[in-house]
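One letter stands for each residue in the lines below.
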Amino acid sequence: AAKAAGRNRVHVFSPDLRAAAERRATLANELRDALVRDELVLHYQPVLHLPSGRCTGMEALVRWQHPERGLLAPGEFLPTAQAHDLMTPLARWVMTAATRQIAEWSRIGLDLVVAVNITAEQFSSGTLVEDVFAALSDAGVPPELLVVELTETSVAEDPERAAQQMAELRRRGVEVSIDDFGSGFSSLGQLVTLPAGMLKIDRSLVNYTEGHRDRAAAAIAAVVALGKACGIRSLAEGVETAGQLALAAELDCTFAQGFHIARPMPAEAVPGWVSAQHATAAPVALAAR
Ligand code: C2E
Ligand code: MG
Ligand code: MG
Ligand code: MG
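Analysis parameters
- In every chain, residue numbers begin from 1 and rise along the written sequence.
- Numbering of ligands from 1 and lettering of chains from A proceed in the order in which they are written.
- Where local features are concerned, this predicted model is filtered to residues with pLDDT of at least 70; where side-chain atom pairs are given and counted, the filter is 80 or more; whole-chain, interface and lining totals use all residues.
- Processing note: side-chain calculations cover all non-hydrogen atoms of the structure and skip hydrogens and water entirely.
- Any residue with a heavy atom positioned within 4 Å of a molecule or strand is treated as near that molecule or strand.
- In the analysis that follows, any N or O atom pair within 3.5 Å is treated as a polar contact, provided that within protein one partner can donate a hydrogen and the other can accept it, and provided that, for residues neighboring in sequence, both atoms belong to side chains.
- All accessible-area figures derive from a Shrake-Rupley calculation using a 1.4 Å probe, and residue coverage is judged against the displayed protein chains alone.
- Two kinds of site are reported from a 1 Å grid over the protein atoms alone, namely cavities, where a 1.4 Å probe fits but cannot get out, and pockets, open sets with protein on both sides within 12 Å along at least five of seven lines, and residues are called lining when an atom falls within 4 Å of a point.
- Think of it this way: a molecule belongs to a cavity or pocket when more than half its atoms come within 2 Å of the grid points there.
- The helix and strand labels rest on DSSP assignments: H or I over at least four residues marks a helix, E over at least two residues marks a strand, and numbering proceeds from the N terminus.
- Grid points are joined across faces, edges and corners, and a volume is the space filled by probe spheres set on the points.
- Classification used: nonpolar for Ala, Val, Leu, Ile, Met, Phe, Trp, Tyr, Cys and Pro, charged for Asp, Glu, Lys and Arg, polar for all others including Gly.
- A donor here means any N, O or S atom no more than 2.8 Å from the metal (3.2 Å for Na, K and Ca); water is not included, so a site may seem to lack partners.
- Working definition: with a 1.4 Å probe on protein chains only, accessible area under 20% of the residue-type maximum means buried, over 50% means exposed, and in between means partly exposed.
- In this description, strands pair whenever DSSP reports at least two bridges between them.
- A residue's pLDDT is simply how confident the predictor is in it, with values from 0 to 100.
- Helix span is expected to be 1.5 Å times the residue number reduced by one.
- In what follows, residue pairs with any heavy atoms lying within 4.5 Å of each other are defined as contacts.
- By convention in these notes, a salt bridge is any Lys or Arg side-chain nitrogen within 4 Å of a carboxyl oxygen on Asp or Glu.

Engineer: Can you tell me about the site of ligand 1, naming the residues and giving the values?
Structural biologist: Close to ligand 1 lie 22 residues, the nearest being Arg-63, Asn-117, Asp-179, Glu-240 and Phe-259. The contact in question runs from an oxygen atom of ligand 1 to an N or O atom on the side chain of Arg-203, over 3.2 Å. Between ligand 1 and Glu-240 there is a distance of 2.5 Å, counted from a nitrogen atom to a side-chain nitrogen or oxygen. When the free accessible area of ligand 1 is taken as 800 Å², the share hidden by the protein chains comes to 80%. With respect to the detected pockets, ligand 1 is housed in the largest pocket. Where the shell around ligand 1 is concerned, the elements lending two or more residues are β2 (54-66), α3 (74-83), α4 (87-107) and β6 (175-181).

Below is the structure:
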C-alpha cells in the first residue's frame, strides 16, 4: 500500500529519490524491530577534568548493532528515527540504558558523571523532567551523576518551555549542558535565556586548522569568558591534538573531550580505561608547559 501511494506521487520523485525514500522506510521498519530486539548499544566517550587531569565522566553515544550492516553511527539512523516517530521510544531506551550503566559502574566503585543527549521530542513531550527522574529512581542513581545535553535545535520549538524544564532539572540536581555551542547563529542569545550550567564548545572552534590558532584561541577565550560571567563551566569538544588540549587548558576550559583523549568505547572497556587514566593523571595545564 505504501508502495502504491508512492507510485501516485511519482511525478514529483526522481527514481533516485524514490529509491532513497524506500530505503529509509525499510530502515525505519528495521529500527522499530531493533528497539524491541535490543540491537541498540551505548558507547561512552571520556570527559577529562582539566584542573585535576582526571577523567570524571563519560558521554553516552548511541549506536545500532545492525544484523547485516554492522555498527551504525547515530548520523545513519537518527534522521530516520526522527522522520518515522521513533525518536521518543529511542530516547527512552537511551535514558534507561544510561542510568542503568551509571548504577552498574557505581556498584564497582566507579562514580562517573554520564552525559546523555536530549532531543526536541523529549522537550516537547512535556514529560522530560518526570521521565528523567523516573529513570534515575528506577536505576537507583543520584541526580548528580547525570548531565543532559541539548542543542539549539532541540529547544528551538518552544525555548521558554525548554528553559522551564532545564531550570527544574537543575533545581533537582541534574546538570544541563548546551552542546555544540558556537556552531549556530543565535548562540549568544541562548546564554542569556537558557539556564544551563555547562557549555560544550563546538569542535569547529576547538579543532582549529593549522595557521588559525590565534583566531581559534580568541573565539574560545570569548566563549569561556562569557560562560564564566554567567556562572557556566566550559568543555572543549573535538580535541584531536596535544596542542588543542593544551590550548583548552590555557584558556580556562574546565573539561575537554575528543579523540586525542579517547574515542567513544563500549561500556565494557570503561573501567579498565579509567583506572589506567587515573593511575597517570596529572593536571593538564601543568603537563603542557
Ligand atoms: P554530539 O553530542 O556533539 O557528540 C559528539 C560527536 O563527535 C560524537 O559522534 C563523537 O564520536 C564525535 N567526536 C568526539 N570527539 C571527536 C573528535 O575529536 N573529532 C571528531 N571529528 N569527532 C569527535 P557520534 O557518536 O557519531 O554522534 C553524533 C551526534 O549524534 C551527537 O553529537 C549527538 O548529537 C547525536 N547523538 C549521539 N548519541 C545520541 C543519543 O543517544 N541520543 C540523541 N538524541 N542523539 C545522539
Ligand atoms: Mg553531545
Ligand atoms: Mg557536541
Ligand atoms: Mg554534535
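Engineer: Would you mind going over the layout of surface pockets in detail, with residue names and values included?
Structural biologist: Each pocket or cavity is described by its volume, and for the largest pocket that value is around 930 Å³. Lining of the largest pocket is provided by 38 residues; of these, Glu-59, Leu-61, Pro-74, Asn-117 and Asp-179 occupy positions nearest its centre. For the lining of the largest pocket, the class distribution of residues is 17 nonpolar, 12 polar and nine charged.

Engineer: A description of the side chain of Gln-277 should follow, citing residues and the corresponding values.
Structural biologist: Here Gln-277 lies in helix α13 (residues 270-280). A polar contact of 2.9 Å, which involves the side chain of Gln-277, links it to the backbone nitrogen of Cys-55.

Engineer: Account for the coordination of the magnesium ion (ligand 3), with residues named and values stated.
Structural biologist: For the magnesium ion (ligand 3), the full set of protein donor atoms is Asp-179 (OD), Asp-180 (OD), Glu-237 (OE) and Glu-237 (OE), at a range of 2.2 to 2.5 Å. One chain supplies every donor to the magnesium ion (ligand 3), and in sequence these donors are spaced D-D-x56-E. Between the magnesium ion (ligand 3) and the magnesium ion (ligand 2) the interatomic distance amounts to 4.0 Å, and Asp-179 serves as a bridging ligand to the pair. Taken together, the residues Asp-179 in strand β6 and Glu-237 in the loop between β8 (233-236) and α12 (242-250) connect sequence positions 58 residues apart. Per residue, the accessibility class of Asp-179 equals that of Glu-237, and both read buried.

Engineer: Before we move on, could you go through the pairing of strand β5 (residues 146-150) and cite the residues and values that matter?
Structural biologist: Of all five residues that make up β5, five are buried, and the element is covered over most of its length. Burial of the side chains of β5 extends over both faces: Leu-146, Val-148 and Leu-150 are buried on one face and Val-147 and Glu-149 on the other. Note: strand β4 (residues 113-117) against β5, four bridges, orientation parallel. Note that in β5 the partner of Asn-117 across the bridge is Glu-149. Relative to β6, β5 runs parallel, the two being bridged by four bridges. Of the residues in β6, the one forming a bridge with Val-147 is Glu-175.

Engineer: Hey, could you go over unusual backbone geometry for me, with residue numbers and the actual values?
Structural biologist: Located in the positive-phi region is Asp-85, a residue other than glycine, with phi close to 60°. With respect to the helices, strands and loops of the structure, Asp-85 is situated in the loop between α3 and α4. Asp-85 sits in the exposed class, given a relative accessible area of 70%. One non-glycine residue, Asp-252, adopts positive backbone phi at about 80°. Mapped onto the secondary structure, Asp-252 falls in the loop between α12 and β9 (255-256). Take Asp-252: its relative accessible area is 43%, and that puts it in the partly exposed class.

Engineer: I'd like a description of the confidence of the model for the chain, backed by residues and values.
Structural biologist: The predicted model of the chain has a mean per-residue pLDDT of 91, with 93% of residues at 70 or higher. Across the predicted assembly, pTM comes out at 0.92 and ipTM at 0.98.

Engineer: Can you tell me about helix α2 (residues 15-37), naming the residues and giving the values?
Structural biologist: When the terminal C-alpha atoms of α2 are compared, their 33 Å separation across 23 residues agrees well with the 33 Å that a helix rising 1.5 Å per residue should span. Among all positions in α2, only Ala-20, Leu-27, Ala-28, Leu-31, Ala-34 and Leu-35 are buried. For α2, the elements touching its buried residues are β1 (40-49), β2, α3 and α4. Downstream of α2 by one or two residues, Asp-38 has phi in the positive range, about 60°.

Engineer: Let's hear about empty space enclosed by the protein: which residues, and what values?
Structural biologist: In the structure shown here, the tally under the stated rule is one cavity of 30 Å³ or more. Forming the boundary of the largest cavity are Val-206, Tyr-208, Ile-220, Ala-236, Gln-244, Leu-247, Ala-248 and Cys-253. By residue number, the principal contributor to the lining of the largest cavity is α12, which donates three residues. Of the residues that constitute the lining of the largest cavity, the class distribution is seven nonpolar, one polar and no charged.

Engineer: Which residues make up the pattern of salt bridges, and what values go with them?
Structural biologist: The full count for this structure, using the stated rule, is 11 salt bridges. The partner of Arg-172 in a salt bridge is Glu-168, and the shortest N-O contact between them spans 3.7 Å. For Arg-172, a relative accessible area of 36% translates into the label partly exposed.

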